[in-house]
Amino acid sequence: MALVNKNRDAAPGINTRSIHHGESFSSETGTVMPPIFPSATFAHGNEYGFDYTRSGNPNFRILESVLSSVERCKHVTVFASGVSAITSIVSTLGKGDLVLCEENLYGCTVRLFEEVFRRFGVKTEWIDFTDNSNLEKIDSLRPKMIWLESPTNPMLKVLDISEICSFANERAIPVVVDNTFATPVLQRPLELGATLSLCSTTKYINGHSDALGGAVCTEDVRWKEQLDFAQKSLGLQPSPFDCWLITRGIKTMPLRLERQIANALALAKQLSNHMKVEWVRYPFLASHPQHEIALKQMQGGGAIVTAKLKADQSQTYAMCKSLSYFTMAESLGGVESLICHPATMTHSSVDRDTKIKLGIDDGLVRLSVGCEDLEDLSIDLNRALETLR
Ligand SMILES: *Cc1c(COP(=O)(O)O)cnc(C)c1O
């Protein structure tokens, strides 16, 4: 059974690449969608090099191949979740190694560094990478790795990835970018100089909130070898079925995002003009503090909108609950709209001082805008905001 590579030409556009992903098993069966390969083990000496699913499976390879086509990079390794992908990278470090992190990283990344890898001797420093004078800290701290995320959660801070990477590359320090919020449709960190681009495929790449996954992309074959090693030696592999679902989901990613971004921009503008809204954060609004950088490195503002309401904690919570089409839930990136109230949900266990430092106000809400009709979302939001009067 031959793996047919349909994507020899790099020229096709993002929609075409997402749909006609790199490999299928069509030559013998005529199948349009790839099959699922639940086999745990493979006959020794087969021509594709599969031996045991913890270290590789045809469904992993199919997904890796479409991701490499979408991200336009040489190598991808898939994992069971975004957190597994992060674990694989951190597991290449050793006792005493320092990771210089953007201070506003995704909460579970912070927890992994501080509550797990710290016990194994991996050290961290946290800085604000939007402040250029902080780049000097790279020289004084001499980190083994730099960890960025842009836009960040939930404040949608935008970091100048190419500027930070060129500074780090001159010093041969690898840079990791968590690209989950932007997706490869809007931002390709490797082209901006990053060593590794990681994402939680649970979010926009799958897009249907029905599977977990993660992926790390790189141009460097030595990194690819280390990531594959981590996948099998730490047991971070995904399931063939989840890979199959994500392979199905990715086909509509650019199409979904087109609608989601248009909805998000319109709702961001609507909220900006609402009396009960103190401010709105959206990378493609001129009011965003790093708007110019966003325009330079992103092909769209994304589909997350963060807003601060003129309301206390219980009013904000009640407003979120009163929405019809925005389910109050964690996670993001699916076709359905969600709303998150960080103060009582994702950041509820964070102490008051840290909340203030991170800007997690009681009136803060984060919208993950879906593919519904804009008019329905718009009416829903306006009606819910009425409850604040
Ligand atoms: C969700 C998320 C992760 C973790 O991904 P999981 O698939 O939930 O493990 C990492 N980074 C960011 C920015 C995320 O949004």
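Treat the numbers as computed from the prediction; the structure is a model and nothing was measured.

Considerations on the overall build of the protein chain
Part 1 of the reasoning: In terms of regular secondary structure, the protein chain is built from 15 helices and 14 strands.
Part 2 of the reasoning: Taking 389 residues into account, the globule formula puts the C-alpha radius of gyration at 21 Å, and the protein chain, at 21 Å, falls close to it.
Part 3 of the reasoning: Each of the three principal axes of the protein chain carries a C-alpha extent, and together these read 70 × 50 × 35 Å.
Part 4 of the reasoning: Taking all 389 residues of the protein chain together, the buried fraction comes to 55%.
Part 5 of the reasoning: When contacts within the protein chain are restricted to residue pairs at least 6 apart in sequence, those whose partners lie at least 24 apart make up 70%.
Part 6 of the reasoning: Of the accessible surface of the protein chain, which amounts to about 16500 Å², a share of 52% is contributed by carbon and sulfur atoms.
Part 7 of the reasoning: Each charge sign in the protein chain was given a centre, from 39 positive and 45 negative side chains, and these centres are 1 Å apart.

A look at the packing of aromatic side chains
Part 1 of the reasoning: Evaluation of the coordinates by the stated rule reveals six aromatic pairs.
Part 2 of the reasoning: Taking the centre distance of 6.3 Å and the plane angle of 50° together, the rings of phenylalanine 117 and phenylalanine 120 count as tilted.
Part 3 of the reasoning: For phenylalanine 120, a relative accessible area of 55% translates into the label exposed.
Part 4 of the reasoning: Of the aromatic side chains, those joined through ring pairs into one cluster are Phe42, Tyr48 and Phe50.
Part 5 of the reasoning: Lying over the aromatic face of phenylalanine 167, arginine 171 brings its terminal NZ or CZ to 3.7 Å of the ring centre.
Part 6 of the reasoning: Residue placement shows arginine 281 over the ring face of tryptophan 279; its charged tip is 5.3 Å from the ring centre.

Some details on the state of the cysteines
Part 1 of the reasoning: Tallied over the full model, the rule gives zero disulfides.
Part 2 of the reasoning: No disulfide involves cysteine 199; its sulfur sits 5.9 Å from the nearest other cysteine sulfur, which is in cysteine 217.
Part 3 of the reasoning: Free of any disulfide, cysteine 217 has its nearest neighbouring cysteine sulfur in cysteine 73, separated by 4.2 Å.

With respect to helix H5 (residues 107–116)
Part 1 of the reasoning: For H5, every residue scored as buried is listed here: Thr109, Leu112 and Phe113. Projection of H5 onto a plane perpendicular to its axis shows the buried side chains occupying an angular sector of 90°, all on one side.
Part 2 of the reasoning: Check the buried side of H5 and you find it contacts helix H4 (82–90), strand E4 (98–102), strand E5 (123–127) and strand E6 (145–149).

Considering the nonpolar core
Part 1 of the reasoning: Leu271, Val305 and Met319 are the most contacted members of the largest nonpolar core, which has 62 residues in total.
Part 2 of the reasoning: It is helix H11 (residues 253–272) that contributes the most residues to this core, seven residues altogether.
Part 3 of the reasoning: Viewed by domain, this core spans two of them, domain 1 (12–250) and domain 2 (253–385), each represented by three or more residues.
Part 4 of the reasoning: Valine 305 has contacts with Leu156, Ala264, Ala268, Leu271, Val280, Arg281, Tyr282, Val365, Arg366, Leu367 and Val369, leaving out every residue within four places of it along the chain.
Part 5 of the reasoning: Listed in part, the 23 residues of the second largest apolar core include Ile89, Cys101, Phe113 and Trp147.

Examining the site of the ligand
Part 1 of the reasoning: Neighbouring residues of the ligand: Ser81, Gly82, Val83, Tyr106, Glu149, Asp178, Thr180, Phe181, Ser200, Thr202, Lys203 and Gly213.
Part 2 of the reasoning: One of the side-chain N or O atoms of aspartate 178 is found 2.7 Å from a nitrogen atom in the ligand.
Part 3 of the reasoning: For the ligand, an oxygen atom lies 2.8 Å from a polar atom in the side chain of serine 200.
Part 4 of the reasoning: Burial of the ligand by the protein chains amounts to 93% of its free accessible area of 380 Å².

Let's talk about unusual backbone geometry
Part 1 of the reasoning: Cis peptide bonds are those with omega within 30 degrees of zero, and the linkage from serine 150 to proline 151 qualifies with -10°.
Part 2 of the reasoning: Position of proline 151 relative to the elements: it lies in the loop between E6 and helix H7 (161–170).
Part 3 of the reasoning: Backbone torsion omega between asparagine 153 and proline 154 reads -10°, so that peptide bond is classified as cis.
Part 4 of the reasoning: Structurally, proline 154 is set in the loop between E6 and H7.
Part 5 of the reasoning: Residue arginine 72 is not a glycine yet carries a positive backbone phi of 55°.
Part 6 of the reasoning: Structurally, the position occupied by arginine 72 is in the loop between helix H3 (58–71) and strand E3 (75–79).

Focus on the pairing of E3
Part 1 of the reasoning: When you tally the buried positions in E3, you get five out of five residues, the bulk of the element.
Part 2 of the reasoning: Neither face of E3 is left uncovered, since the one carrying His75, Thr77 and Phe79 and the one carrying Val76 and Val78 both have all their residues buried.
Part 3 of the reasoning: Pairing of E3 with strand E9 (residues 214–218) involves five bridges; the strand directions are antiparallel. From the neighbouring strand, phenylalanine 79 faces E9, where its bridge partner is glycine 214.

Examining the sheet that holds E5
Part 1 of the reasoning: As summarised here, the arrangement of the seven strands in space is E3-E9-E8-E7-E6-E4-E5, forming an open sheet in which the pairing is mixed. Only two strands of the sheet have a single partner each, and these edge strands are E3 and E5. Adjacent strand axes in the sheet meet at a mean angle of 20°, parallel and antiparallel pairs treated alike.
Part 2 of the reasoning: Where E4 lies against E6, three bridges are found, and the strand directions are parallel. Residue pairing for E6: valine 99 is matched across the bridge by methionine 145.
Part 3 of the reasoning: The strands touched by H3 are E3, strand E8 (196–200) and E9; relative to E3, the strand with the most contacts, the crossing angle is about 130°.

Overview of the environment of proline 35
Part 1 of the reasoning: Turning to its location among the elements, proline 35 is positioned in the loop between helix H2 (26–29) and H3.
Part 2 of the reasoning: Residue proline 35 is classed as partly exposed on the basis of its relative accessible area, which comes to 32%.
Part 3 of the reasoning: In this structure, the C-alpha to C-alpha distance between proline 35 and valine 122, residues 87 residues apart in sequence, is 41 Å.
Part 4 of the reasoning: Not counting residues within four places of it along the chain, the set of residues in contact with proline 35 comprises Phe25, Asn59 and Trp244.

Parameters at a glance
Residues numbered from 1 in each chain as written. Predicted model: local features only at pLDDT ≥ 70, side-chain atom pairs only at ≥ 80, totals over all residues. Heavy atoms only, no water. Helix = DSSP H or I, 4+ residues; strand = E, 2+ residues; numbered from the N terminus. Rg over C-alpha atoms; globule rule 2.2 N^0.38 Å. Buried < 20%, exposed > 50% of the residue type's maximum accessible area, 1.4 Å probe, protein only. Contact = heavy atoms within 4.5 Å. Areas by Shrake-Rupley, 256 points an atom, 1.4 Å probe, with all protein chains shown as cover. Lys, Arg positive; Asp, Glu negative; His and termini not counted. Charge placed at Lys NZ, Arg CZ, Asp CG, Glu CD. Phe/Tyr/Trp six-rings, centres within 6.5 Å; stacked < 30°, edge-to-face > 60°. Lys NZ or Arg CZ within 6 Å of the ring centre and 35° of its normal. Disulfide = S-S within 2.5 Å. Arc of directions from axis to C-beta. Core = buried A, V, L, I, M, F, W, Y, C linked by side-chain atoms within 4.5 Å. Domains from an automatic or database assignment. Near = heavy atom within 4 Å. Polar contact = N/O pair within 3.5 Å; in protein donor to acceptor, adjacent residues only side chain to side chain. Pairing = 2+ DSSP bridges. Axes fitted to C-alpha atoms, helices over the stretch in contact; angles between N-to-C directions.

Remember, this is a structural readout, not a statement about activity or role.
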